[in-house]
Amino acid sequence: MDLTHVVGQNVHRLRTAAGMSLADLASASGISKTTLHGIEQGQGNPTLSTLWALATELKASLGELLETPASAVEVVRAGDRRPQVEGDAVSARLLHRIRLRGTVEVYDIAIAQSTQHSEAHLPGVEECLVLTHGRVTVGPADSPTDLAEGDSIRFDAARSHLYLGHAVHNRAVLLMVHPES
């Protein structure tokens, strides 16, 4: 499904969940009802400012408008086409969305050329790893994924998982997302 249809479905879903009419959202976000209808039908090509205005009025993040709902394990390759938006000075490519109420710990990690098995963390804990250098295998122990530089993975860490470095020097940014207790 292309980005315009994904955005349209997400805007419609979020608008309906918020109990807003098409006219109410159009008025509140400062866009015409016809334009909003076209966006929801997947026929529009909204600008970044239009998307921000819609996200603000829907009390949603920009990512909620751009991405299809996530699965339990999500791998993004460096060359994958992902939702991307352009502004005057910033270009943003969405890698992962992680819903949270709790704490995010951010780690700079090195992964040696050996295997580390990690037991399951507490229920609700997720890990998101972005490989910045090298080549690794990481993810749930029953279905780990090979990653190259620039690839990323998000998975449920309440399952046994593993890390294995293949290159001499492997580095990554690891986010551990802990739910509210």
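Structural data are supplied above this passage.
No experiment lies behind these values; they were computed from the predicted model shown.

Focus: helix 2 (residues 22–29)
Now for step 1: For helix 2, the complete set of buried residues consists of Leu 22, Leu 25, Ala 26 and Ser 29. The buried residues of helix 2 occupy an angular sector of 100° when projected down its axis, which confines them to one face.
Now for step 2: On its buried face, helix 2 sits against helix 1 (3–17), helix 3 (33–40) and helix 4 (48–57).
Now for step 3: Downstream of helix 2 by a residue or two, Gly 30 has a phi angle that is positive, lying close to 80°.

Regarding the sheet that holds strand 8 (residues 145–148)
Now for step 1: One open sheet accounts for four strands, arranged 5-10-7-8; its pairing is antiparallel. Each end of this open sheet is capped by a strand with a single partner; those strands are strand 5 (115–118) and strand 8. Adjacent strand axes in the sheet meet at a mean angle of 20° when their direction is disregarded.
Now for step 2: As judged from the five bridges shared by strand 7 (residues 135–140) and strand 10 (residues 161–165), these two strands associate in the antiparallel manner. Looking across to strand 10, one finds that Val 138 is bridged to Tyr 163.

With respect to the pairing of strand 10
Now for step 1: Burial runs high along strand 10: four of the five residues are buried.
Now for step 2: Bridge analysis of strand 5 against strand 10 gives four bridges, and the strand direction is antiparallel. Looking at strand 10, one finds that Gln 116 is bridged to Tyr 163.

Thresholds, definitions, all that
- Residues numbered from 1 in each chain as written.
- Predicted model: local features only at pLDDT ≥ 70, side-chain atom pairs only at ≥ 80, totals over all residues.
- Heavy atoms only, no water.
- Buried < 20%, exposed > 50% of the residue type's maximum accessible area, 1.4 Å probe, protein only.
- Helix = DSSP H or I, 4+ residues; strand = E, 2+ residues; numbered from the N terminus.
- Arc of directions from axis to C-beta.
- Contact = heavy atoms within 4.5 Å.
- Pairing = 2+ DSSP bridges.
- Axes fitted to C-alpha atoms, helices over the stretch in contact; angles between N-to-C directions.

All we've got here are geometric facts, nothing functional implied.
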